[in-house]
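Listed below are the residues making up each chain.
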Amino acid sequence: MTDLNPSKKRKRPSLGKQIVFVLLYKVFWRMVFGLVIGLKYIRQDKASLDGPVIYVANHNSHLDAMALMTVVPCARIHLTHSVAAQDFFGSGFKRWGMLHLVNAVLISRSRKENGEDPIEQLDAMLVAGRSLILFPEGTRGVPGSMGDFKRGVGHLASRHPGIPVVPIYLDGLYRNLPKGRSMIVPFGGTLVVGKPLVFSNESVDEITNVTQVAVETMAHELKNANRLT
Amino acid sequence: MNKLIDAWGMNAEVQWVILIILCILVFSSTAWYILGKIKPSKLATELQVRTRSWWIMCVCFILSTVVHPVITHLGLAFLSYALLREMYPLLKLDQRERNVVLLCYAVVPVQYALAYYGKTEIFLAFIPVFMFVIIPFVLVTRGETQGLVRSISLLPYSLVAWVYGMSHLALLFQMPEIPGFTAGPEGLLLYLIFLVGMNDVMQFAWGKTLGKHPVLPRVSPNKTWEGLIGGVLSTTLLAVGLRFLTPLGMWEAAFTGFCVAVAGFMGDAIASGIKRDVGVKNSGNAIPGHGGYLDRLDGFSAAAAPFFHLIYFFSSAS
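Residues numbered from 1 in each chain as written. Chains lettered and ligands numbered in written order. Predicted model: local features only at pLDDT ≥ 70, side-chain atom pairs only at ≥ 80, totals over all residues. Heavy atoms only, no water.

**So, the overall build of chain A**
Link 1 in the chain: On a plain count of helices and strands, chain A comes out with 9 helices and 7 strands.
Link 2 in the chain: Taken over C-alpha atoms, the radius of gyration comes to 17 Å for chain A, in line with the 17 Å a tight globule of 229 residues would show.
Link 3 in the chain: Taken over the C-alpha atoms alone, chain A extends approximately 65 × 40 × 35 Å along its principal axes.
Link 4 in the chain: Nonlocal contacts in chain A, meaning residues at least 24 apart in sequence, comprise 75% of its contacts between residues at least 6 apart. (Helix = DSSP H or I, 4+ residues; strand = E, 2+ residues; numbered from the N terminus. Rg over C-alpha atoms; globule rule 2.2 N^0.38 Å. Contact = heavy atoms within 4.5 Å.)

**A few points about the pairing of strand 2 (residues 54-57) of chain A**
Residue and element names in this part refer to chain A.
Link 1 in the chain: Side chains of strand 2 alternate between two faces, with Ile 54 and Val 56 and Tyr 55 and Ala 57 buried alike.
Link 2 in the chain: In terms of strand pairing, strand 2 meets strand 5 (residues 131-134) through 3 bridges, oriented parallel. Bridge pairing in strand 5 links Val 56 to Leu 134.
Link 3 in the chain: As judged from the 4 bridges shared by strand 2 and strand 6 (residues 165-171), these two strands associate in the parallel manner. Looking at strand 6, one finds that Val 56 is bridged to Pro 167. (Buried < 20%, exposed > 50% of the residue type's maximum accessible area, 1.4 Å probe, protein only. Pairing = 2+ DSSP bridges.)

**Remarks on the sheet that holds strand 4 (residues 105-107) of chain A**
Residue and element names in this part refer to chain A.
Link 1 in the chain: One open sheet accounts for 7 strands, arranged 1-7-6-2-5-3-4; its pairing is mixed. One side of each edge strand has no neighbouring strand; the edge strands of this open sheet are strand 1 (39-43) and strand 4. When strand polarity is set aside, the average angle formed by the axes of neighbouring strands in this sheet is 25 degrees.
Link 2 in the chain: With 4 bridges joining them, strand 6 and strand 7 (residues 189-193) adopt antiparallel strand pairing. Directly across from Leu 170, in strand 7, lies its bridge partner Leu 191. (Axes fitted to C-alpha atoms, helices over the stretch in contact; angles between N-to-C directions.)

**Quick look at the packing of aromatic side chains**
All names here are of chain B.
Link 1 in the chain: Using the criterion set out here, one finds 14 aromatic pairs over all chains in the structure.
Link 2 in the chain: With a centroid separation of 6.4 Å and an interplanar angle of 80 degrees, the aromatic rings of Phe 255 and Phe 314 are classed as edge-to-face. Linking Phe 255 in helix 10 (residues 250-278) with Phe 314 in helix 11 (residues 293-317), this pair joins segments that are 59 residues apart in sequence.
Link 3 in the chain: According to the relative accessible area criterion, Phe 314 is buried, its value standing at 13%.
Link 4 in the chain: Each ring, one from Phe 308 and one from Tyr 312, has its centre 6.0 Å from the other, and the planes form 15 degrees; the classification is stacked. Separated by 4 residues within a single helix, Phe 308 and Tyr 312 lie in helix 11, roughly one turn from each other.
Link 5 in the chain: We classify Tyr 312 as partly exposed; its relative accessible area is 41%. (Phe/Tyr/Trp six-rings, centres within 6.5 Å; stacked < 30°, edge-to-face > 60°.)

None of the figures reported here should be taken as evidence of function without further support.
In structure tokens form, the structure reads like this:
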């Protein structure tokens with residue numbers, strides 16, 4: 001019965017999958033971002049985290065998920081899943097690519113689509129020791145501006161008080177691959193990895209708020225860092 | 001196997017200059033380390049970071065210069081590309097100009113391929129003649145005239161400044177045979193890299209120690225007359241001292257050194273002005289202590305073409 005549930009059917013990932021993902025993201029995409037696109041990496045916290053982590057980032061481009069995968073440590077790269085929308089990536093080659101190359105987990109954006117609560121699905125993955133990459137804005141939105149975070153991150157973090165939430169700010173990737181374009185034109189950008197946030201018994205709204213403020217603060221600091229006075 | 005050894009076999013002149021560069025690096029690393037131990041200060045830390053970056057840059061430059069010409073061409077092409085893609089986001093280009101920007105990136109490999117295959121005439125005309133017309137035309141075909149003048153000026157300028165200029169370093173490999181000159185294109189390349197690098201260091205050093213009167217107070221407050229004059233004089237002397245890497249006589253080398261130093265300063269000043277206009281301190285953070293690619297390469301890209309033409313002029317005149 002549970003076999004019909006795609007998230008539970010997932011086999012324990014093998015060493016082969018880990019090697020493929022390390023080559024794909026830590027070597028290939030890292031070189032594309034570093035040398036071709038010229039993405040600047042800024043790490044505010046050098047400590048590497050073992051165990052499940054919730055990465056939270058703003059979302060403007062299809063490149064965002066790839067960029068985030070390049071900062072996940074090698075040891076956990078095959079255990080890290082981007083959360084993507086079923087209605088957008090639901091069929092054909094897109095779906096295959098998302099599942100096997102991006103390691104994505106597809107959820108429905110609305111709660112009642114097939115009777116399954118997407119939060120439950122992600123909750124189960126965290127219990128199974130997987131890390132998640134969330135884009136709580138829920139959509140790529142307007143280029144260069146950040147929408148309000150949905151409360152999914154709050155729900156997940158409040159159910160798992162020990163799991164750190166790492167806020168990540170992505171700046172300028174939308175210029176390389178804007179919404180509605182298929183050609184990547186290198187235009188630089190910045191990726192800021194913030195200090196992990198650990199929550200104990202804050203409410204869902206509090207967690208969502210704190211995370212959103214953390215990402216917004218990073219955006220603000222970045223804007224002022226290289227400004228001429 | 002013999003061929004492999006030949007490829008690595010450097011001539012004596014090149015070995016000497018590499019030895020000198022390594023000595024300077026070892027000396028300055030030790031000096032700043034001791035300075036930092038005796039009197040820890042912000043300046044000492046900055047000098048240490050800068051020297052560490054110089055180490056990496058020198059090792060990359062030397063290796064890519066002496067190993068094989070293909071590596072040299074690829075390395076230089078990458079630097080040109082890195083300059084373009086570092087500056088385009090800062091220059092606030094319209095998103096609808098993406099296709100033209102892609103065309104500008106595509107110019108880089110073509111230009112370096114022309115240098116590699118020795119098509120000197122087309123190489124010299126490709127950007128300032130052909131691309132100078134093609135890029136504005138492609139911009140016009142968009143049918144949008146608002147902001148057109150800005151893009152028409154900016155994109156060809158970026159190509160001439162950062163691709164055409166830099167690519168003359170690759171053209172040094174096409175220098176005709178000069179009797180009695182053994183250091184080869186690698187020697188000339190290292191000579192220019194050494195001069196421009198030392199020019200920056202010397203202007204920084206003279207400016208920090210003696211500098212009082214700013215040259216361009218509103219563009220770059222750190223550049224002083226003392227730094228400029230001290231830097232130009234030191235570079236001219238160095239150019240004479242290292243002329244065994246070139247086919248030049250003493251006065252020719254002094255003149256070349258003077259021109260390289262002045263051109264390096266000009267490139268630096270222009271880059272400062274551009275950065276100030278777009279409102280950033282540094283063009284990036286790729287090189288710790290120095291900033292981005294443009295912050296380090298502004299002098300090279302301005303001095304490369306004058307250097308090539310001076311060498312060509314002097315060696316064909318004699």
